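Chains, contacts and geometry: an overview
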Amino acid sequence: MTAVDLSTRIANVELQSYIMNASGPKCTSFDELKAISQSASAAVVTKSCTIEAREGNPLPRYQNLALGSIQSMGLPNLGYQAYLAMMADLKAQGKPVVVSVSGFSIEDNVKMVSAFMESEADLIEVNFSCPNIPGKAQVAYDFEQTKQSLAALSELGDKPIGIKLAPYFDMSHFVAMADIINQFPVKFVTCINSIGNTLVIDPHTEQPIIKPKGGFGGLCGEYIKPVGLANVRAFRELLNDDVSVIGVGGINTGIDAFEYLLAGADAVQIATCFEKQGPECFARIESELKQFMGSKDYMTVAQAKGQLKPL
Ligand code: DHB
């Protein structure tokens, strides 16, 4: 009924819709990725990969919460070569593929990004913000390491590279990180990752609710939407115009996605809602977004993008 057009673009990659899965839930195996291809997700985003396959952290490592989840998965994945090997089959499913890489060093990331540059992947999202590996700090909170990483990643090929950022909570950090990103050929940023190292306690058992790291894990879902919106807004205003911004954090409805659109996101990703509801969530959120935009006479993404009004 509505003629709202949600097509958009990240770097040079055309997307049929504004909504895709986030790296994280249900995107590790080929079968999971195939299910995403067959949903209304605009693209297929893979679980962050490492050089070697990993089992991840001890269980329990994920718990649903009333308004989201807490997780410390520990990067369970098949190892980057498995994603390289399945790339042609994934692409044959017909959707753009965004491969997420999360090395433990600059060398790891250079090796994996170099390999994916030669693959059929459309976009490479380098994860600078995994909070769940014991002893490994989040790169995105270390500005010097971020700069060194981007310098090393900038020469590896023509395929667009983006970075998955941690949430920031201080204006000076938005400015410092945007200044670094603007110095390199980063084509997109994805913000935000989970809020790292939060603690949920069960008062009855007097224990944390997840096992890894003494219960410290990434907070996800509706709790973090205002943080995601602020990060998208700040980076949209501070980054060069040719850097796309992907919003993620607490999107459960089309209206949530519309808020990210007003903040300036070029597209959005869905993690916790997809984890809880499965691949049907993409079509539902898409149809809700179209409905809400249509009711406000916004017919394209471009018409509403960044149009947050001053109060
Ligand atoms: C994991 C969690 C993250 O937030 C992330 O960015 C990458 C990996 C994990 O624990 O598997």
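Use the structure listed above.
Residues numbered from 1 in each chain as written. Predicted model: local features only at pLDDT ≥ 70, side-chain atom pairs only at ≥ 80, totals over all residues. Heavy atoms only, no water.

So, on to the site of the ligand. Contacts to the ligand come from 13 residues, most closely from Lys47, Gly74, Leu75, Asn127 and Asn193. Between the ligand and methionine 73 there is a distance of 3.1 Å, counted from an oxygen atom to a backbone nitrogen or oxygen. A distance of 3.5 Å separates an oxygen atom of the ligand from a polar side-chain atom of serine 194. The protein chains hide 93% of the 290 Å² of surface that the ligand would expose on its own. When the residues that make up the shell around the ligand are grouped by side-chain class, the tally is five nonpolar, seven polar and one charged. (Near = heavy atom within 4 Å. Polar contact = N/O pair within 3.5 Å; in protein donor to acceptor, adjacent residues only side chain to side chain. Areas by Shrake-Rupley, 256 points an atom, 1.4 Å probe, with all protein chains shown as cover. Nonpolar A, V, L, I, M, F, W, Y, C, P; charged D, E, K, R; others polar.)

Moving on to the pattern of salt bridges. What the rule picks out here adds up to nine salt bridges. The partner of glutamate 288 in a salt bridge is arginine 284, with the nearest N and O atoms 3.1 Å apart. Taken together, the residues glutamate 288 and arginine 284, both in helix 9 (residues 280–295) and four residues apart, mark about one turn of the helix. Several salt bridges share partner residues, and in doing so they unite Lys225, Asp256 and Glu259 into one network. (Salt bridge = Lys/Arg side-chain N within 4 Å of Asp/Glu carboxyl O. Helix = DSSP H or I, 4+ residues; strand = E, 2+ residues; numbered from the N terminus.)

What follows deals with a nonpolar patch on the surface. Residues Leu199, Ile201 and Phe216 make up a contiguous nonpolar surface patch of roughly 280 Å² in combined accessible area. Mapped onto the elements of the fold, isoleucine 201 is located in strand 12 (residues 201–202). (Patch = residues over 30% accessible without salt bridge, like charges linked within 9 Å, V, L, I, M, F, W, Y side chains within 5 Å.)

Ordered by their spatial adjacency, four strands build an open sheet running 5-6-14-11, and the pairing between neighbours is antiparallel. Whereas interior strands pair on both sides, the edge strands pair on one side only; in this sheet they are strand 5 (62–65) and strand 11 (195–199). With strand direction ignored, the average angle separating the axes of adjacent strands in the sheet is 35 degrees. Where strand 5 and strand 6 (residues 68–71) come together, four bridges link them in antiparallel fashion. Paired with leucine 65 across the two strands is glycine 68, which belongs to strand 6. (Pairing = 2+ DSSP bridges. Axes fitted to C-alpha atoms, helices over the stretch in contact; angles between N-to-C directions.)

Looking now at the packing of helix 7 (residues 254–263) against helix 9. In the contact formed by helix 7 and helix 9, the axes pass within 7 Å of each other and the chain directions differ by 65 degrees. The interaxial crossing formed by helix 7 with helix 9 has right-handed handedness. For the pair helix 7 and helix 9, contact is made by Gly254, Ile255, Ala257, Phe258 and Leu261 and by Ile285, Glu288, Leu289, Phe292 and Met293, respectively. Of the residues assigned to the contact of helix 7 with helix 9, the class counts are eight nonpolar, one polar and one charged. (Left-handed = near helix turned anticlockwise from the far one by under 90°. Contact = heavy atoms within 4.5 Å.)

Across its 14 residues, helix 6 (residues 225–238) extends 20 Å between first and last C-alpha, which sits within 8% of the 20 Å expected from 1.5 Å per residue. The inward-facing, buried residues of helix 6 contact helix 5 (171–181), strand 10 (188–191), strand 11, strand 14 (216–221), strand 15 (244–248) and helix 7. (Expected span 1.5 Å × (residues − 1).)

Under the definition given, this model contains eight aromatic pairs. Seen from their ring centres, tyrosine 80 and phenylalanine 116 are 6.4 Å apart, and the 70 degrees between their planes marks the pair as edge-to-face. Here tyrosine 80, found in helix 2 (residues 80–92), pairs with phenylalanine 116, found in helix 3 (residues 106–117); they are 36 residues apart in sequence, far enough to count as distant. A single burial state applies to tyrosine 80 and to phenylalanine 116, both of which are buried. Ring centres of tyrosine 141 and tyrosine 168 lie 5.7 Å apart, and the angle between their planes is 90 degrees; on these two criteria the pair is classed as edge-to-face. One end of the pair, tyrosine 141, is in the loop between strand 8 (123–127) and helix 4 (143–153); the other, tyrosine 168, is in the loop between strand 9 (161–164) and helix 5, with 27 residues separating them in the sequence. For tyrosine 168, a relative accessible area of 2% puts it in the buried group. Grouping aromatic residues by their ring pairs yields a cluster made of Tyr141, Phe143, Tyr168, Phe174 and Phe235. (Phe/Tyr/Trp six-rings, centres within 6.5 Å; stacked < 30°, edge-to-face > 60°. Buried < 20%, exposed > 50% of the residue type's maximum accessible area, 1.4 Å probe, protein only.)

That is the geometry; function is a separate question.
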